[in-house]
Amino acid sequence: METIISYLDNLFRAYPDTEKVRKAKEELLGIMEDKYYELKAEGKSENEAIGIVISEFGSMDEIAFELGFEEEKTESKQTCGDDKESVRLSSDQAKEYLRAEEKFGIKIGIGVALCILSPCLSVIMDVFCVLGFVSHGIADSFGAVGLFCVVAAAVGILITSGMAHDKYDRYKRGRIILDSGTKTLLTEEFETYQPVFGRMIACGVILCILSVVPAILTEGFFGSTFFAWTENLSALSLFGFVAAGVYLFITAGIKQGAYETLLGTGGHSVKKKKKKDKWISIIASIYWPIVTAVYLSVSFVTMDWGRTWIIWPITGILFGGISAVISQLLNQEER
């Protein structure tokens, strides 16, 4: 029995000395003790009985989950700054997380799409001004007000969605533990989703490429005619195509990331992902305020809100390139 007690002591070293853990340890020792004496009564030697008891014990993660004190270890790890915390999820919890991520992706996609579409009213008012329906001042005023209202709505969606999603952050900080049945089911769903993911990304890329086609066509057919104002109006199709493409990127990517988080795939460590996210966040916190300041300065100085929107797609593409460079540099550093 001394061997079994020592074995339990070693296993429980990773857990804090709380009343809950002590009670679980005593309960477990009682179960193992009963099994040990039962085997001895059947004629097993002491070494055989100890070996059987320990082999039938199971993994510590499973025992902690069944006895309900796994959170004790998680809290202890967080206090010590350990990045490799484990979170055990049931089948229902895993499905709930997938549904939550899918809804989160839709909301984030809508928020970003609204930001892209925000200059549309400015473009429409600019066309009305060219056609003589409204004055230049009214067109600029309505365009600017519409832009800020849409951006405000988009930011509201992004902030509220992010706050509601915070409770799932711990899933991404560590290792997810699933039972074999749930993992098999999720793996099958993940494999089924891969063709869908590929089609959504491909459609997004195609929409972004085709977004400039209407502008090219209107320039070619109406550039020097009475209908030259349609060249400005073609910007609406550019915003619409890009917004739709980005929406597909975001919704598909977030759902893909949810599966990778649950299954532990994706080929990146938690520490590495945190480092990359930290650098991108630092750059974004400097980059986007500067872009916003430049956009507002140029727009108010020139009062040409119908054209200064081009700053956003250009800077958005540039930031995507910056993020890709950071990821590549960190990948090389990891190697």
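Scroll up to find the structure this text is about.
In this section: the packing of helix α6 (residues 91-117) against helix α10 (residues 180-210). Two quantities define a packed helix pair, namely the angle between the helix axes and the distance between the axes. α10 packs onto α6 with a crossing angle of 25 degrees between their chain directions and a minimal axis gap of 10 Å. Compared by their axis directions, α6 and α10 come out roughly parallel. For the pair α6 and α10, the crossing hand works out as right-handed. Contact with α6, carried on its side by Ser 91, Ala 94, Lys 95 and Leu 98, involves Thr 182, Leu 185, Leu 186 and Glu 189 of α10 and no other residues of that element. Its residues assigned to classes, the contact of α6 with α10 shows 4 nonpolar, 2 polar and 2 charged.

Looking now at α6. With 27 residues, α6 extends 39 Å from end C-alpha to end C-alpha; this agrees with the ideal 39 Å at 1.5 Å per step. Considered for burial, the residues of α6 that qualify are Ala 94, Tyr 97, Leu 98, Ala 100, Glu 101, Phe 104, Gly 105, Ile 108, Gly 109, Gly 111, Ala 113 and Ile 116.

The end-to-end C-alpha distance of α10 is 45 Å, a good match for the 45 Å that 31 residues give at a rise of 1.5 Å each. By the largest-angle criterion, Tyr 193 marks the main kink of α10, which is about 30 degrees, and a proline, Pro 195, follows within four residues. If you check which residues of α10 are buried, you get Thr 182, Leu 186, Phe 190, Tyr 193, Met 200 and Gly 204.

Further remarks concern the environment of Lys 95. Structurally, Lys 95 is set in helix α6. In this structure, the C-alpha to C-alpha distance between Lys 95 and Leu 262, residues 167 residues apart in sequence, is 10.0 Å.

Reading the values: rules and limits
Residues numbered from 1 in each chain as written. Predicted model: local features only at pLDDT ≥ 70, side-chain atom pairs only at ≥ 80, totals over all residues. Heavy atoms only, no water. Axes fitted to C-alpha atoms, helices over the stretch in contact; angles between N-to-C directions. Helix = DSSP H or I, 4+ residues; strand = E, 2+ residues; numbered from the N terminus. Parallel < 35°, antiparallel > 145°, perpendicular 65-115°, else oblique. Left-handed = near helix turned anticlockwise from the far one by under 90°. Contact = heavy atoms within 4.5 Å. Nonpolar A, V, L, I, M, F, W, Y, C, P; charged D, E, K, R; others polar. Expected span 1.5 Å × (residues − 1). Buried < 20%, exposed > 50% of the residue type's maximum accessible area, 1.4 Å probe, protein only. Bend = angle between axes of the 7 residues up to and from the residue.

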